[in-house]
Amino acid sequence: QVQLVESGGGLVQPGGSLTLSCSASGSIFSFWQMAWYRQAPGNERELVAAIFQDGDTVYATSVKGRFTISRNNAKNTVYLQMNSLKPEDTAVYYCKGKTTNQDYWGQGTQVTVSL
C-alpha cells in the first residue's frame, strides 16, 4: 500500500511563492497520473494540476502560468511550485496518485495566502 505525504504548506503573503512536495512511501512509477487538488472552505475539491508518466501536464485555468507541477521518479516525489500567489489560492492542497485500479490520496497541507 503506497502512502502519499504532502509538505511545504504554510502562510505566505500575496505575490509570494511556495513549493509543495508529495512524497510516496513506494515507487510512483506505477502512477500513470500524479495530481494536486485543492479544497477551500465551502467549496468542492478541484483539480489544480496533473502530470502524466510521459511528462505531459495539465493545469486549471486559474493557476496556469503561475504554478508548475513536476515529478522526480527517482525520489518518488511530486512537486507543485506556486508563484504569484493570491488570496483565492488559500485552500488545503491534496496530492493524488492514480493507478489503473485505484486512487491514492494524501492527508493534505494547508496553504494560506494573506497579509
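Everything numeric here is computed off the predicted structure, so don't read it as measured data. Residue positions are counted from 1 within each chain, in the order its sequence is given. For a predicted model such as this one, the threshold for reporting local features is a pLDDT of at least 70, and the threshold for listing and counting side-chain atom pairs is 80 or more; totals across whole chains, interfaces and linings nevertheless cover every residue. Think of the side-chain values as coming from all heavy atoms in the structure, minus any hydrogens and water.

**Quick look at the side chain of Arg 71**
Reasoning step 1: In this text, helices come from DSSP runs of H or I with a minimum length of four residues, and strands from runs of E with a minimum of two, each type numbered from the N-terminal end. Relative to the helices and strands, Arg 71 resides in strand β7 (residues 67–72).
Reasoning step 2: Working definition: with a 1.4 Å probe on protein chains only, accessible area under 20% of the residue-type maximum means buried, over 50% means exposed, and in between means partly exposed. The sign given to each residue is positive for Lys and Arg and negative for Asp and Glu; His and the chain ends receive no count. By definition, a salt bridge exists where a carboxyl oxygen of Asp or Glu is found within 4 Å of a side-chain nitrogen of Lys or Arg. Buried charge Arg 71 goes without a salt bridge, the closest partner of opposite sign being Asp 54 at 7.5 Å.
Reasoning step 3: Here a polar contact is taken to be a pair of N or O atoms separated by no more than 3.5 Å, where protein atoms must pair a possible hydrogen donor with a possible acceptor and residues adjacent in sequence count only if both atoms sit in side chains. In terms of polar contacts, Arg 71 uses its side chain to reach the side chain of Asn 73, at 3.1 Å.
Reasoning step 4: Discounting chain neighbours no more than four positions away, the residues touching Arg 71 are Ile 28, Phe 29, Phe 31, Trp 32, Met 34, Ile 51, Phe 52, Gln 53, Thr 77 and Val 78. For this analysis, residues touch if any pair of their heavy atoms sits within 4.5 Å.

**Points about the pattern of salt bridges**
Reasoning step 1: Summed over the entire model, instances satisfying the criterion amount to 5 salt bridges.
Reasoning step 2: The salt bridge partner of Arg 66 is Asp 89, with a shortest N-O separation of 2.8 Å. Here Arg 66 is found in the loop between β6 (57–59) and β7, whereas its partner Asp 89 is found in the loop between β8 (77–82) and β9 (91–98), with 23 residues between them in sequence. The exposure classification of Arg 66 matches that of Asp 89, with both residues buried.
Reasoning step 3: As a salt-bridge pair, Asp 103 and Lys 96 come within 3.9 Å of each other at their nearest N and O atoms.

The values are spatial; any link to function lies outside them.
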